[in-house]
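The primary structure of each chain is shown beneath.
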Amino acid sequence: MASDQKIGIGIIGIGWVAGEHIKAWKNNQHCEIVALSSHSRENAVAAQQQFGLTGARIYPDWADLIRDERVGLVDVCSMNHLHVPQGVAAAEARKHVLIEKPAANDLAGLRRLEKAIDRAGVKSLVGFELHWSPYFESVHTMIDNGFFGPLYYAECDYFSGNWEKWYPGYPWVKTKEKGGSALPAAGCHAVDAIRQFVASDATEVFAYAGNFTGTMEWEPTILTAIRFANGTIGKVGCVLEGNLKYQFNLRLHGPKGTLVNDRFLTNYLPGQTGWAEFPTILPDTPDVTHHPFQGELDHLIDCMRENRTPIVDIKGAVKAHAIAFAAEQSSREGRPVKLPLPPG
């Protein structure tokens, strides 16, 4: 594409996360929001006025937004169960796609989306925005500099209760039809974190799951053990029920050192005798206003302009989601599940 040509952004789903996406798109000089689609015209008009999107058309039907010739990239911020049909339609229209997590609620939908994006040859990015977290960037730097040595154990927890008190999407996310299940709905951020730090494909998963409060139609508590191809053992804890304050815990162990959230111990520093704490911005809230969307969205625009592959494209997202779906299968069947999962 021409270097001076602005990319037209069309956003589907004008809810909780869309406002933060709009702020990030507006901050990027290479794109322009040209279309909004929402099942609530009131929400779309309010966003148009709040963010000064006078040139953006409002479409009650998301299919009409995808057909808009000004739209070059479709940003899918809708309810979870709509991500696959909307992402597939965008790819088939040869539009690049940003899809909020989860990319899909089940394996069949995930394979359908992957095939559509592959056939179209469009750029894709799935919403694992923590790749651009300052904290994650620091951890990657520690790993790259040998603070811990080759990792043999990695642990990440996504703990977040009382959804009915703080999450606007609670009425739909708690349902099987629209929300899906615990790992796609939320815990996939922890799965993605494990994958990026271990830097190896998962080969086997075993999980236990339960519903102890009845607040969700699906099982909101699930514990997943993961074996990686390089021998690393992983654990993902996900609890989305009960009186629980949000926590995103990270623990890494290697022969040379250990990381526990914002503390580390390493023989890379020969004089270190105890835990060292580094000031950072931890991913310690589920509030989207705290999330690093600017880096994520800027990365996608750069990849489009420079014809590069985004670091969390549909292929990477498939591997993270496959761990989640394998964990659910394991908890249902009471047995380990091998990866990769069968192709669709």
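Above this note sits the structure.
Being a predicted model, the structure only gives us computed values, none of them experimental.

### Observations concerning the packing of aromatic side chains
Consideration 1: The final tally for this structure, using the stated rule, is 17 aromatic pairs.
Consideration 2: With centroids separated by 6.2 Å and ring planes inclined at 15 degrees, the aromatic side chains of Tyr-135 and Phe-278 adopt a geometry described as stacked. Of this pair, Tyr-135 sits in helix α6 (residues 134-144) while Phe-278 sits in the loop between β14 (276-277) and α10 (293-306), placing them 143 residues apart in sequence. Neither Tyr-135 nor Phe-278 differs from the other in exposure class; each is buried.
Consideration 3: With centroids separated by 5.6 Å and ring planes inclined at 50 degrees, the aromatic side chains of Phe-147 and Phe-264 adopt a geometry described as tilted. Of this pair, Phe-147 sits in the loop between α6 and β7 (153-159) while Phe-264 sits in strand β13 (residues 263-266), placing them 117 residues apart in sequence. No difference in accessibility class separates Phe-147 from Phe-264, as the two residues are buried.
Consideration 4: An aromatic cluster is defined as three or more aromatic residues linked by ring pairs; in this entry it consists of Tyr-135, Phe-136, Phe-147, Phe-148, Tyr-158, Phe-197, Tyr-246, Phe-248, Phe-264, Tyr-268 and Phe-278.
Consideration 5: The side chain of Arg-263 reaches across the aromatic face of Trp-275, ending 4.5 Å from its centre.

### Here we look at the packing of helix α4 (residues 83-92) against helix α5 (residues 107-120)
Consideration 1: Contact pair α4 / α5: the axes reach a minimum separation of 8 Å and the direction vectors enclose 15 degrees. Classified by the interaxial angle, the pair formed by α4 and α5 is roughly parallel. Here α4 and α5 pass one another in a crossing that is left-handed. On α5, the residues touching Val-84, Pro-85, Gly-87, Val-88, Ala-91 and Glu-92 of α4 are Gly-109, Arg-112, Leu-113, Ala-116, Ile-117, Arg-119 and Ala-120.
Consideration 2: Taken together, the residues of the contact of α4 with α5 break down into eight nonpolar, two polar and three charged.

### Looking at the pattern of salt bridges
Consideration 1: Within the structure shown, the criterion is met by 13 salt bridges.
Consideration 2: Between Lys-23 and Glu-20 there is a salt bridge, and its shortest N-O distance comes to 3.1 Å. Taken together, the residues span about one helical turn, with Lys-23 and Glu-20 both in helix α1 (residues 18-26) at a distance of three residues.
Consideration 3: Its salt-bridge partner being Asp-68, residue Arg-57 comes within 3.5 Å of it at the nearest N-O pair. Residue Arg-57 is located in strand β3 (residues 57-59), and its partner Asp-68 is located in the loop between α3 (62-67) and β4 (73-76); the two are separated by 11 residues in the primary sequence.
Consideration 4: One continuous salt-bridge network, built from bridges that share partners, spans Arg-111, Glu-114, Asp-118 and Lys-315.

### Overview of the nonpolar core
Consideration 1: Grouped together as the largest cluster of nonpolar side chains are 114 residues, with contacts concentrated most on Ile-9, Ile-11, Trp-25, Ile-33, Val-74, Phe-248 and Leu-259.
Consideration 2: When residues in this core are grouped by element, the largest group, 11 residues, is from helix α9 (residues 182-198).
Consideration 3: Non-local contacts of Ile-11, meaning those with residues more than four positions away in its chain, are made with Ala-18, Ile-22, Trp-25, Ile-33, Ala-35, Leu-36, Ser-37, Leu-65, Asp-75 and Cys-77.

### A few points about the environment of Lys-319
Consideration 1: Note that Lys-319 resides in helix α11 (residues 314-333).
Consideration 2: Distance from Lys-319 to Ala-202, taken between C-alpha atoms, is 8.1 Å for residues 117 residues apart in sequence.
Consideration 3: Other than its neighbours up to four places away in sequence, Lys-319 contacts Arg-195 and Asp-201.

Rules and cut-offs
Residues numbered from 1 in each chain as written. Predicted model: local features only at pLDDT ≥ 70, side-chain atom pairs only at ≥ 80, totals over all residues. Heavy atoms only, no water. Phe/Tyr/Trp six-rings, centres within 6.5 Å; stacked < 30°, edge-to-face > 60°. Helix = DSSP H or I, 4+ residues; strand = E, 2+ residues; numbered from the N terminus. Buried < 20%, exposed > 50% of the residue type's maximum accessible area, 1.4 Å probe, protein only. Lys NZ or Arg CZ within 6 Å of the ring centre and 35° of its normal. Axes fitted to C-alpha atoms, helices over the stretch in contact; angles between N-to-C directions. Parallel < 35°, antiparallel > 145°, perpendicular 65-115°, else oblique. Left-handed = near helix turned anticlockwise from the far one by under 90°. Contact = heavy atoms within 4.5 Å. Nonpolar A, V, L, I, M, F, W, Y, C, P; charged D, E, K, R; others polar. Salt bridge = Lys/Arg side-chain N within 4 Å of Asp/Glu carboxyl O. Core = buried A, V, L, I, M, F, W, Y, C linked by side-chain atoms within 4.5 Å.

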